[in-house]
Amino acid sequence: MSTPAVEVGHYQEHHQSFFERWFMSTNHKDIGTLYLCFSFLMLFVGGSFAMLIRAELFEPGMQLMQPYFFNELTAMHGLVMIFGVIMPAFVGLANWMIPMQIGAPDMALPRLNNLSFWLLPFAFILLLSTFFMPGGAPAAGWTMYPPLVLQGGESIAFLIFSIHLLGISSVLGSINIIATILNMRAPGVDLMKMSMFCWSWLITSFLVIAVMPVLSGAVTMVLFDRFFGTNFFNAAAGGDPVMYQHVFWFFGHPEVYIMILPAFGIISEIVPTFARKPLFGYRAMVYAIACIAFLSFLVWSHHMFTVGLPLGAEVFFMYATMLIAVPTGVKIFNWVTTMWKGSLSFETPMLWAIGFIVLFSIGGFSGVMMALVPADFQYYGTYFIVAHFHYVLVGGALFSIIGATYYWLPKWSGHMYSGFWSKLHFWSSVISVNVLFFPQQFLGFAGMPRRIPDYNVAFANWNMVSSIGGFWFGATQLIFVGVVIHCVFFSRAKASSRVWEHAYGLEWTLPSPAPHHSFTVPPVVDDSQLVQTGATAH
Amino acid sequence: MSSSNCKRRIVGALAALGALLVSVAASANPVPWQMNLPYGVTRVSHQIWDLHMAALWVCVALGILVFGAMFIAIIRFRRSRGAVAETWSHNTVLEVCWTVVPVLILIGLATPATLLTREMYNATDSQMTVKVTGYQWLWRYDYVSYDGKPVTKVPTIWSRLAWDSNRARQLDSGVSPYSIVDQKTGYHDYLLDVTHPLVIPAGVKVRFLITADDVVHGWWVPDFAAKRDAIPGIMNDAWAKVDKPGIYRGQCYVLCGQDHSAMPIVVKVLPREQFNAWLATQENPARLDQASRTADAAAPKPLPAKG
């Protein structure tokens, strides 16, 4: 196998001070690390809100907080987890892996990369500071529906400004990813030989660029209604509250795919490695992601089936939504078929990938059920919805991010982590996440509305089970902190450059830990290092 | 223990579980450990329940198929058992199959769903119209028409959380939610009881015109499967024809501020003659006076508090 010419150490000769390295960095790995550490921190911030929410819901009656504070927690939990955890974690993984997977020295626009990261901490300082303002944090849910959001205090200006910053940050990050993938691929890394992770991010980036400005527009209208006397959403002056919902969900639905397409890419990397078999249907996988991305623009109103849409619109959005199940099903079937007749081993990343497939499928199933308009009339606004999107975002997106961390951490740090503790982390997470969210489906069927701090005693039992699962899942994530810190700073076990026996892709041709600048000279690529396309089954 | 004895026990347990599921499904109000949608009391709610169960079983079947295949692979194709990986990664026939078959399954689900949606949108031929208005945090009901005639003399019903629940729900109230019980039925109605329920006749197609005065609310009675967002400036409609008299409960389902959990919906369905008699007493001008006075006393000024 040809070893790419890598000038290890050339750039490391220039000693960087701590401040230079971590605050002024234009290096894709350092910025990737910053993104990942930031989202890790935010996971515990958003997680602590979730723990408070589950504590209040542990039993009926109000025990811990006023209902308004509960609403602040639910809103901020959503905003922090979506914009502070899932999205930055995926961008961090993109930063680390894309240049290494396409044979590039760095991202195409390194200074822009620095800017897009450093907008995030300031955006979240603005957002989280609203807890300490008169009137409290925004309390109208992460969806920020007017007219309710307009009743919030002055703090909603901070909310909206932080969303603008987050939008700019993710758009700049996406521009960078597109520029990198389209311009910086080493000779021989054709688009249709590119890793699935790069493919998923290329398509996701276009979604981000298309819809983040739409969200900015929606919240800007809210800002004007609140502070500058306009009446976009004020029915009394001819405005239309439903218009906000249309604009918001035109952003919001592609947004959920922004949070899951990179996960598809990650799983498509992990499964073939540990099945020791090429990914089944590579082309179909690429087309399926593109197809899902396209359809995601045509289904937004399934978030609004009960707002009083005309019959034709209900039916159209029902069909379009159900159609998404087809390419998504193709992906699930392809992963399972990749495992079929492979030679499976179950290292930690594979466990998380299998956990992902099961949990994401459960979330997908409930998604198909709620695509049916009449059924959705009974589900809408209940805990069934909460269970659905937590299955796809925790069991899906978060599980894939943790799996990706366990997959590439030896490459990043040069050390192996504890097999025992990382597997314990998995088993404890996968059991507790079901104890946490499965009963929420029952609560939804029984009619418990979402976003309520208090409930009838009939809902008490399942809520208590769910809360126990919640505390268990939350505590389990502390194992993750321990495993990562141990691996990076204390582990003595050196990782080989290949790390995993059957890992394919250019990142595995670099030494572990990867040199500060990935490929200073384009590698000589032969196809055996890229995606394994394999033969046709007979 | 003999094996037949054991078998009988298992059958008994399964029958008990089945009975529990059915009884849960038939119950009008949420019950502890409830796991499924209520079957409801209208034709539409029954049809939705059937559709829901069909979709659920389709999902269960697909889940068994996909997860089953995966777990077989996990057990059979382990490297630790000496499995050698094959190298194929395409199979056009298989790929076409699992693209086309799901489409057919989805068409199978979408067809009844489309017909049912059309029925749910058909509020024509209703014999009664009630206007429902959401406020922070109570419901207002106005009878608009009944039997083809406008209803003008029946006072507005202001329907807000019952006072015992309201006391108990305060932070550190010291009142257990379990102590809130309907005196007549013994039902634990914490957060599911109101001062004045909406009263409608049984066996009559009632159209609800749903709107809101301040922020978006949601009006929903699960047993009727009648549900629409209550949005300021917009008049939505839903309908229900309830044949079985009784008391039916629901809750606001759109986040509407701090007391979102405290604006339940209670609908009392009376046999038609009883309802007509009730309506006549409501129309009595003296009664009207008294009703508006009690309504004033019961529900303090219904002006929405602006944040």
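Here the residue numbers are simple positions, counted from 1 along each chain's written sequence. Naming scheme: in the order in which they are written, chains are lettered from A and ligands are numbered from 1. Per-residue local features of the predicted model are confined to residues with pLDDT of at least 70, and side-chain atom pairs are confined, for both listing and counting, to 80 or more; whole-chain, interface and lining totals are unaffected and use all residues.

Asker: Any chance you could explain the overall build of chain B here in plain terms?
Answerer: Check the secondary structure of chain B and you find six helices and twelve strands. The burial label depends on the number of other C-beta atoms within 10 Å of a residue's C-beta. Counts of 20 or more mean buried, 12 or fewer mean exposed, and intermediate counts mean partly exposed, with C-beta atoms placed from the backbone. Residues classed as buried in chain B amount to 39% of the 307 residues present. Sequence separation of at least 24 residues holds for 65% of the intrachain contacts in chain B that already meet a minimum separation of 6. A helix here means a DSSP run of H or I that spans at least four residues, while a strand means a run of E at least two residues long, and both kinds are numbered starting from the N terminus. We call two residues in contact when the distance between their C-beta atoms, placed using the backbone, is within 7 Å.

Asker: What is the right way to look at the packing of helix α5 (residues 155-183) of chain A against helix α6 (residues 196-227) of chain A in this model?
Answerer: Think of two packed helices as two axes; the pair is described by the angle between the axes and how far apart they sit. All names here are of chain A. Running from amino to carboxyl end, α5 crosses α6 at an angle of 160°, the nearest separation of the two axes being 8 Å. What the angle tells us is that α5 and α6 run roughly antiparallel. The two elements α5 and α6 meet at a crossing, and its hand is left-handed. Under the grouping applied here, Gly and all other residues not named as nonpolar or charged are polar, the nonpolar ones being Ala, Val, Leu, Ile, Met, Phe, Trp, Tyr, Cys and Pro and the charged ones Asp, Glu, Lys and Arg. Residues belonging to the contact of α5 with α6 are distributed by class as follows: 21 nonpolar, six polar and one charged. Interaxial angle, 0 to 180 degrees, is taken between N-to-C directions of lines fitted to C-alpha atoms, where a helix line uses only the stretch in contact. What sets the label is the angle itself: under 35 degrees gives roughly parallel, over 145 gives roughly antiparallel, 65 to 115 gives roughly perpendicular, and the rest give oblique. Each crossing gets its handedness from the near helix: less than a right angle anticlockwise from the far helix is left-handed, clockwise is right-handed.

Asker: Honestly, the interface of chain A and chain B in this entry has me stumped. Any pointers?
Answerer: Each side of the interface is counted separately: chain A has 86 residues, and chain B has 85 residues. Among the elements that make up the side of chain A that touches chain B, the one with the highest residue count is helix α10 (residues 311-339) of chain A (14 residues). Partitioning the side of chain A that touches chain B into residue classes produces 56 nonpolar, 23 polar and seven charged.

Asker: What exactly am I supposed to notice about the sheet that holds strand β12 (residues 264-270) of chain B here?
Answerer: Strand pairing in a sheet relies on backbone hydrogen bonds. The paired strands run either parallel or antiparallel. Residue and element names in this part refer to chain B. Pairing between strands is defined by DSSP: at least two bridges between the two strands are required. Taken together, three strands build an open sheet; the order of strands is β6-β12-β11 and the sheet is mixed. The outermost strands of the open sheet, each flanked by one partner alone, are β6 (198-201) and β11 (246-251). Here the average twist between neighbouring strands, direction ignored, is 25°. With six bridges joining them, β11 and β12 adopt antiparallel strand pairing. Note on β12: the bridge partner recorded for Gly246 is Val269. Each of β6 and β12 touches helix α5 (residues 272-283); the most contacted strand, β6, lies at about 130° to it.

Asker: Mind showing me how you'd approach helix α2 (residues 43-76) of chain B here?
Answerer: Count 3.6 residues to each turn of an α-helix, and residues three or four apart come out pointing the same way. To estimate the expected span of a helix, count its residues, drop one, and scale the result by 1.5 Å. An ideal rise of 1.5 Å per residue puts 50 Å on 34 residues; α2(B) measures up with 49 Å between its terminal C-alpha atoms. The set of residues buried in α2(B) consists of B:Val44, B:Ser45, B:Ile48, B:Trp49, B:Leu51, B:His52, B:Ala55, B:Met70 and B:Ala73. Packed against the buried residues of α2(B) are α10, α11 (348-371) and α12 (373-379) of chain A together with α3 (92-120) of chain B.

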